[in-house]
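Report on the structure
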Amino acid sequence: MKPFAYEAPTSVDQAVTLLAEKGERARPLAGGTDILVQVRRGFHNLDLLVDVKRIPELVRIDYDAEEGLTLGAAVSCAVLCEHPTLQAHYPGLLDAVSIIGGAAIQGRATLGGNLCNAAPSGDAIAAMIALGGEALVAGPEGRRLVPIASFCTAPGVTALRPGDLVVALRFAPPKPHSGAAYVRFVPRGEMDIAVAGAGAWVALSPGGTTFTDARIALSAVAPTPLYVERAAEALAGQAPGEDAYARAAEAAQEAAKPIDDMRGTAAQRQHLVGVLVKRALRAAVARAGANHAGTGMEA
Amino acid sequence: MVEIKQNLIVVGSRPARVDAVDKVIGRASYATDVRLPGMLVGRVLRSPYAHARILSIDTGRAEKLPGVYGVVTAADLPPLEGDDAVGEKAFRDRELASDKVLYVGHPIAAVAARTPEIAQEALDLIRVEYDVLTPVVDVLAAMKADAPILHHDMRTRSLAGTGEKPTNVAAHFEQVKGDPGQGFAEADVIVDREFRNPMVHQCYLEPHSSTAVWSDNGGLTLYVTTQGTFSVRSHVVRLLRLSMSQVKVVPMEVGGAFGGKNSSYVDGVAAMLARKARRPVKVTMSRPETFMATGPNSGSVLRVKMGATRDGHLTAAEATLIYEAGAYPGSPVGSGSHVMFAPYQIPNGRLEGYDVVVNKPVVSSYRAPGATQACFVAEQVINELAGTLGFDPIEFRLLNSVKEGSETVDGTVHRHIGAIEVLQAAKASPHYTTPLEGPNRGRGVGHAFWGNWGACSSVTMTVNSDGTVSMVMGSVDITGTRTSIAMQAAETLGLPLDRVKCTMGDTDSIGYSDTSGGSRTTVATGHAAVKAAHDVIDKMRERAAQIWEVDVQAVVFDAGIFHVPDDLDKTLSFQALAELLPRTGNVVIGVGNVDVADWGSCFGTHIADVEVDPETGKVTLLRYTVVQDVGKAIHPMQVEGQLQGGATQGIGWALYEGYEFDAAGQMLNPTLLDYKIPTALDVPDIETILVEVPYPHHPFGARGVGENPIMPPPAAIAEAIYQAVGARVCDLPITPARILETLGII
Amino acid sequence: MTHKQIVTATINGELTEFLCEPHQSLLSCLRDVLSLTGAKEGCNDGNCGACSVILDGRLVNSCLVLGVEIEGREVTTVEGLAGWQALTPLQEAFVAYDALQCGYCTPGMLMAAKSLLDRHPNPTDGEIRAWLAGNLCRCTGYDKIIRAVRAVVPGTAVAPKTAEAPETADVLQTVLETASVDQVKEA
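None of the values given here were measured: they were computed from a predicted structure. (Residues numbered from 1 in each chain as written. Chains lettered and ligands numbered in written order. Predicted model: local features only at pLDDT ≥ 70, side-chain atom pairs only at ≥ 80, totals over all residues. Heavy atoms only, no water.)

**Overview of the interface of chain A and chain C**
- Between chain A and chain C, the residue contacts involve 28 residues of the former and 25 residues of the latter.
- Summed over both sides, the interface between chain A and chain C buries roughly 2200 Å², with carbon and sulfur atoms accounting for 56% of that surface.
- Counting across the chain A and chain C interface gives 5 salt bridges.
- Arg58(C) serves as the salt-bridge partner of Glu82(A), at 2.8 Å between the closest nitrogen and oxygen.
- Counting across the chain A and chain C interface gives 10 residue pairs in polar contact (both at pLDDT 80 or more).
- For the side of chain A that touches chain C, the secondary structure elements donating two or more residues are β1 (5-7), α2 (35-40), β3 (48-51), α3 (77-82) and α6 (103-106) of chain A. (Contact = heavy atoms within 4.5 Å. Buried area = accessible area lost by both parts, 1.4 Å probe. Salt bridge = Lys/Arg side-chain N within 4 Å of Asp/Glu carboxyl O. Polar contact = N/O pair within 3.5 Å; in protein donor to acceptor, adjacent residues only side chain to side chain. Helix = DSSP H or I, 4+ residues; strand = E, 2+ residues; numbered from the N terminus.)

**A short note on unusual backbone geometry**
- Omega for the peptide link from Leu732(B) to Pro733(B) comes to -10 degrees, which places this bond in the cis form.
- Its identity is not glycine, yet Asn44(C) carries a phi of approximately 60 degrees, on the positive side.
- With respect to the helices, strands and loops of the structure, Asn44(C) is situated in the loop between α1 (26-33) and β3 (52-55).
- The partly exposed category is assigned to Asn44(C), whose relative accessible area is 22%.
- One non-glycine residue with positive phi stands out, namely Asp98(C), at about 55 degrees.
- Summarising the element assignment, Asp98(C) is placed in the loop between α2 (89-96) and α3 (106-119). (Buried < 20%, exposed > 50% of the residue type's maximum accessible area, 1.4 Å probe, protein only.)

**Comments concerning the sheet that holds strand β20 (residues 469-473) of chain B**
All names here are of chain B.
- Taken in spatial order, the 4 strands make up an open sheet running β21-β20-β19-β25, and their pairing is mixed. Looking along the sheet, the strands with just one partner apiece sit at the ends: β21 (500-504) and β25 (588-596). Here the average twist between neighbouring strands, direction ignored, is 20 degrees.
- With 5 bridges connecting them, β20 and β21 associate as parallel partners. Opposite Met 471, over in β21, you have Cys 502 as the bridge partner. (Pairing = 2+ DSSP bridges. Axes fitted to C-alpha atoms, helices over the stretch in contact; angles between N-to-C directions.)

**Some points on the interface of chain B and chain C**
- Contact with chain B, which involves 56 residues of that partner, is made by 59 residues of chain C.
- Overall, the association of chain B and chain C removes approximately 4800 Å² of surface from exposure, summing both partners, and the carbon and sulfur fraction of that is 55%.
- The interface formed by chain B and chain C holds 29 residue pairs in polar contact (both at pLDDT 80 or more) in total.
- Those elements that provide at least two residues to the side of chain B that touches chain C are α1 (20-24), α17 (636-655) and β28 (686-691) of chain B.
- Considering each element in turn, the side of chain B that touches chain C owes the most residues, 9 residues, to α17(B).

**Notes on the domain arrangement of chain A**
Residue and element names in this part refer to chain A.
- For chain A, the domain assignment lists domain 1 (5-49), domain 2 (57-171) and domain 3 (194-292).
- Between the C-alpha centres of domain 2 and domain 3 there is a distance of 21 Å.
- Facing 19 residues of domain 2, the contacting portion of domain 3 comprises 15 residues.
- When domain 2 packs against domain 3, the two sides together hide about 1300 Å² of surface, and 65% of this comes from carbon and sulfur.
- The largest per-residue losses of area from domain 2 upon contact with domain 3 belong to Pro 120, Ile 129 and Ala 130, which jointly make up 38% of the total buried on that side.
- At the junction of domain 2 with domain 3, the criterion picks out 1 salt bridge.
- A salt bridge links Asp 95 to Arg 287; the shortest N-O distance between them is 2.8 Å. (Domains from an automatic or database assignment.)

**As for the environment of Ser11(A)**
Residue and element names in this part refer to chain A.
- Mapped onto the secondary structure, Ser 11 falls in the loop between β1 and α1 (12-22).
- With relative accessibility at 24%, the residue Ser 11 sits in the partly exposed group.
- For the pair Ser 11 and Lys 53, spaced 42 residues apart in the sequence, the C-alpha separation amounts to 10.0 Å.
- At 3.1 Å, the side chain of Ser 11 and the backbone nitrogen of Gln 14 are in polar contact.

**What about the packing of aromatic side chains?**
- Going through the model one piece at a time under the given rule, you end up with 16 aromatic pairs over all chains.
- With a centroid separation of 5.2 Å and 80 degrees between ring planes, the pair formed by Tyr30(B) and Tyr104(C) is classed as edge-to-face. Of this pair, Tyr30(B) sits in the loop between α1 and β1 (40-46) while Tyr104(C) is found in the loop between α2 and α3, placing the two residues in two different chains.
- For Tyr104(C), a relative accessible area of 0% translates into the label buried.
- Between Phe291(B) and Tyr659(B), the aromatic rings sit 6.1 Å apart at their centres with planes inclined by 75 degrees, giving edge-to-face as the arrangement. Taken together, the residues Phe291(B) in helix α9 (residues 287-293) and Tyr659(B) in the loop between α17 and β28 connect sequence positions 368 residues apart. Grouping residues by exposure puts Phe291(B) and Tyr659(B) together as buried.
- Three or more aromatic residues link up through ring pairs in this structure, and these residues are Phe291(B), Tyr659(B), Phe661(B) and Tyr675(B).
- The ring of Tyr69(B) has Arg279(B) sitting right over it, with the charged end atom 4.5 Å from the ring centre. (Phe/Tyr/Trp six-rings, centres within 6.5 Å; stacked < 30°, edge-to-face > 60°. Lys NZ or Arg CZ within 6 Å of the ring centre and 35° of its normal.)

**Description of the packing of α17(B) against helix α18 (residues 713-725) of chain B**
All names here are of chain B.
- Look at α17 against α18: their axes get within 8 Å of each other, and the N-to-C directions meet at 55 degrees. As far as their axial angle goes, α18 and α17 are oblique. Taken as a pair, α17 and α18 cross one another with a handedness that is right-handed. Every residue of α18 that contacts α17 at Ala 647, Gly 650, Ile 651, Trp 653, Ala 654 and Leu 655 is listed here: Pro 713, Pro 714, Ile 717 and Ile 721.
- Across the contact of α17 with α18, the residue classes tally to 9 nonpolar, 1 polar and no charged. (Parallel < 35°, antiparallel > 145°, perpendicular 65-115°, else oblique. Left-handed = near helix turned anticlockwise from the far one by under 90°. Nonpolar A, V, L, I, M, F, W, Y, C, P; charged D, E, K, R; others polar.)

**Quick look at the pairing of strand β10 (residues 165-171) of chain A**
Residues and elements named next belong to chain A.
- The buried fraction of β10 amounts to 6 of the 7 residues, a majority that puts the element mostly inside the structure.
- Pairing between strand β6 (residues 134-139) and β10: 5 bridges, direction antiparallel. Residue pairing for β10: Ala 135 is matched across the bridge by Leu 169.

**Quick notes on the environment of Gln345(B)**
All names here are of chain B.
- Turning to its location among the elements, Gln 345 is positioned in the loop between α10 (333-340) and β17 (348-357).
- As for Gln 345 and Glu 491, which are separated by 146 residues in sequence, their C-alpha atoms are 39 Å apart.
- Not counting chain neighbours up to four residues away, the residues in contact with Gln 345 comprise Leu 314, Asn 400, Ser 401, Val 402, Lys 403 and Ser 406.
- From its side chain, Gln 345 meets the backbone oxygen of Ser 401 in a polar contact 3.0 Å long.

**Overview of α17(B)**
- In a regular helix each residue adds 1.5 Å, so 20 residues correspond to 28 Å; α17(B) covers 28 Å between its end C-alpha atoms and thus fits that length.
- Most of α17(B) is tucked away: 20 of the 20 residues are buried. (Expected span 1.5 Å × (residues − 1).)

**Structural notes on the pattern of salt bridges**
Residue and element names in this part refer to chain B.
- A full pass over the atoms with the stated rule returns 67 salt bridges over all chains.
- We note a salt bridge from Glu 719 to Arg 728, for which the minimum N-O separation is 3.1 Å.
- Look at Arg 728 and you get buried, because its relative accessible area is 11%.
- Each of Asp 19, Lys 23, Glu 253, Asp 477 and Arg 482 takes part in one network of salt bridges that share partners.

**Concerning the packing of helix α14 (residues 481-493) of chain B against helix α15 (residues 521-548) of chain B**
All names here are of chain B.
- At a minimum axis distance of 8 Å, the contact between α14 and α15 shows a crossing angle of 35 degrees. Every pair of crossing elements has a handedness; the one defined by α14 and α15 is right-handed. On the side of α14, the interface is formed by Thr 481, Ser 484, Ile 485, Gln 488, Ala 489, Thr 492 and Leu 493, while α15 contributes Thr 521, Thr 522, Thr 525, Gly 526, Ala 529, Val 530, Ala 533, His 534, Val 536 and Ile 537.
- Among the residues making up the contact of α14 with α15, the classes are represented as 8 nonpolar, 9 polar and no charged.

Shown next as structure tokens:
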């Protein structure tokens, strides 16, 4: 590995200053599960890694029934998965968080890192898009919120500017009668990169008879995790059921732009989008149905 | 025929392996753990092109970099001389390319430096000018008349003689038995299919590593991870023109090998660097280097045609096997053709094989070399015939199975085999007798023959004055053979296992032993250990005779006791006699030095249950059973481990594994993320049934067991998938995409 | 140009100070600086698990952690599992069930299994397999590893498939007796 310097600031301001000084030649270090591999392979030429795990704001989890959820960008997946609030209110997010690598990767990998790595196959990114999440970004000019749906701009490329740091991921509190789920396809048991993935979030009318709102996002079928804008139209006002799911799946298949690579073929991915969107919707609707009290408990 | 020992005490028991405790406390020492004073890091510069002429290599800037102690290229090898300059040049070019690179990863130069970072920087400073040539990546394309040629001096070797034109087909053979045309004419059903499989890697978890250090008097010591210390010695002796006694190869614990550590990859370079740098040098390969620049198993294209009568008898079989050799000739195509039809009585047959060079890594042995893909194709066709004719797949195999004295298509005669016993045990197994229920589920069977090996082994055995025995074997322990060899010695000596210690010797301290491959070690080195133990017993009987002043013929050894029958005063336990040895002419050393020419083959039948997700093509293994004829299981727990591990590697071939190359010959998946081997989640508990049909020419009846279990899984799983969803996939790995494609879903 | 940094951390229960390059992995620090060679390198990119150690109670791949990151933290490696007098029940089970062949994955596998049992003392077979899925083993087919881990789950212990008792204790005793004083200190 090419030598670089290491700093471990304890505040966001210090981190932003360090990152801004070095511009493209500095990167934040959260779980390191992607960046260290990439640096080792020579994908980045860095002078500095800024370890952000000693910044209290980046390792906090805050939940408030009014404000919703704020997840520090550097909290490990293992901590997220064990968190009772997340288990209770955001099982659709944990669907994705829990399948990022095996136990040892879970102990290190973070949502902030997963987002900034901007892999087309980023499971958590699609799940966060489906949940309508936002990234809280701190930069030299202050803080701003960036919708996760528009965060990734190309494979490995994000809307971040030099000096920017993702501080936290924010999600609205779960609505009554809403539910979310993320499913992916990998050829192995797990421990793999998605060939295709689909995240769905749905909100139902109080009786559960119609969709009032929905969001669908896909992974590994486009240059970035993909928000399927037309899926909500396809579902709005429809009754939950196979007809509606098929319509949403069709909208997702139209939006997908898969390619052939060593992990799968374009035709396979196109087909999987249909299968996975339906499966994600079934799971999300089941959770919404069980969510009359707005607890989001898994069905 | 030797008499097989009965009433065994140690052999057949399940003691903890002697290396286990060191391995669970992190103390076991592997080649990468070697640390010597002043040791440098060696790194290798490798070709980025699959096919190119080297116009020049400039190492000047690298040599001047502070912290660099030596740079070597092919120019540092001793000059070529003698009659066999062509063969020698190819041998040396594999180590360090002189004028042409033939695959991505081909070594060109190496540096020794103080740190890995400096070594890397030095590699970056070496300038190589290439004339890039068109690569040949596809094996069928390589056979075409107008294909780019890898080796302009290569001509096809065949029984008919040597070809005239430059070619990529290194060898071609054809074997015929009976009249295949007539055989197919007699068949009521014929199945004719073509299959392909990509290169697969052994994926031992420990990459290759070699540490070299020279003494002032020209002696070289190498600390290596290898299956055969003497193979490494031969390699380095040939490369550097040394005498055998100049080179000492020290075996370390081996972190997995599976055939892939029979060949040398970094030993020669480490020795060259250490000599130039005048300091110890360690060269360790990275995982991508291990994928790209060691020896995977051949990718291949196979065509198989078999015919059978309505009453279930095979009438004829034909196969054409085209194997990639990689950049230099030597694929295991002969091994594949030898085994593929060997489980069956087939009156008429034809086997044709091609060994073809392509711009890919040079293939090496991988557990039953060349046999897994050959078994996959033959067994798929057998399964299809059985199904078409309405036979139970095991019944069909029993009906056609070879027996004592049967002759295979390639003329091999089976002796003392357990084929029928294995098939019957599979048929009666708890797995096979339990119906599989549920939608999208299926069961498949695969069956395999593997010939095993014997060859040379050496053991010495010193009786210590406290009655313990220190034995040294020339075989490298890659599977637990220190334990299984010590067990055979202890059994012969009438001692408990904890009185016999077995260690691996370096090449200075023990006689020549062939590599630990071909499932030979427990069998052949077991022969050597038993022979050494008998030598010990004979020498101790002589000593007892000397002490008692009787004729040696009067001294009997039985159950660990030396005695003169009918003379109760003349009785000494092994230990009591051992205590007297130092004062009656020094301790006793037994020697066992054998070339085993007679060994047993083995058969295995696997049963796989799968469930296939019909929407995604994802395959889940539900249940898996391995039934194998193991002769006498010396250490049944280790035998089970071999069966489970071998089967899991075969499962990897079946479902996940394969090299991916782009058109330029660049490997696309040289990581353990994208080259997918089975994880704990991908396999169920693997049931094992050990069928013990003793081999009569081994002291305990043992047979080689390690290689056979990799062969049947792809066919068993392919058939299970067919039974589950009706997709008969002919290419490996059987990916979800291939299943969906075969079903016409995508 | 970077400079070596001093790192102070608790390693296997002992406060330890060492020097490392900022870019040096924890795996390299353990092996090359501290001579704790139990953790192995199999891939150096987090996909094999041979380098698994426990960092502040979490299983991590030490190849994907920088040495400088462990300042003030606690690391347990395979060398820290057993006291000198006895193996842990998990290690004993690996020996008794023959849950290893080449042994290269074993240190990482043990650390992964330990971290599982520390957090989930009663895992199901499926949970064991899922937790160990990041630790590749190419020799065993996992079967005996799963059985060994299962054996230390309270109430589910099944003796190894044998009439003869495994000779773990004997083997251990032999090792203890033959070890030199220096080895005792290292361990």
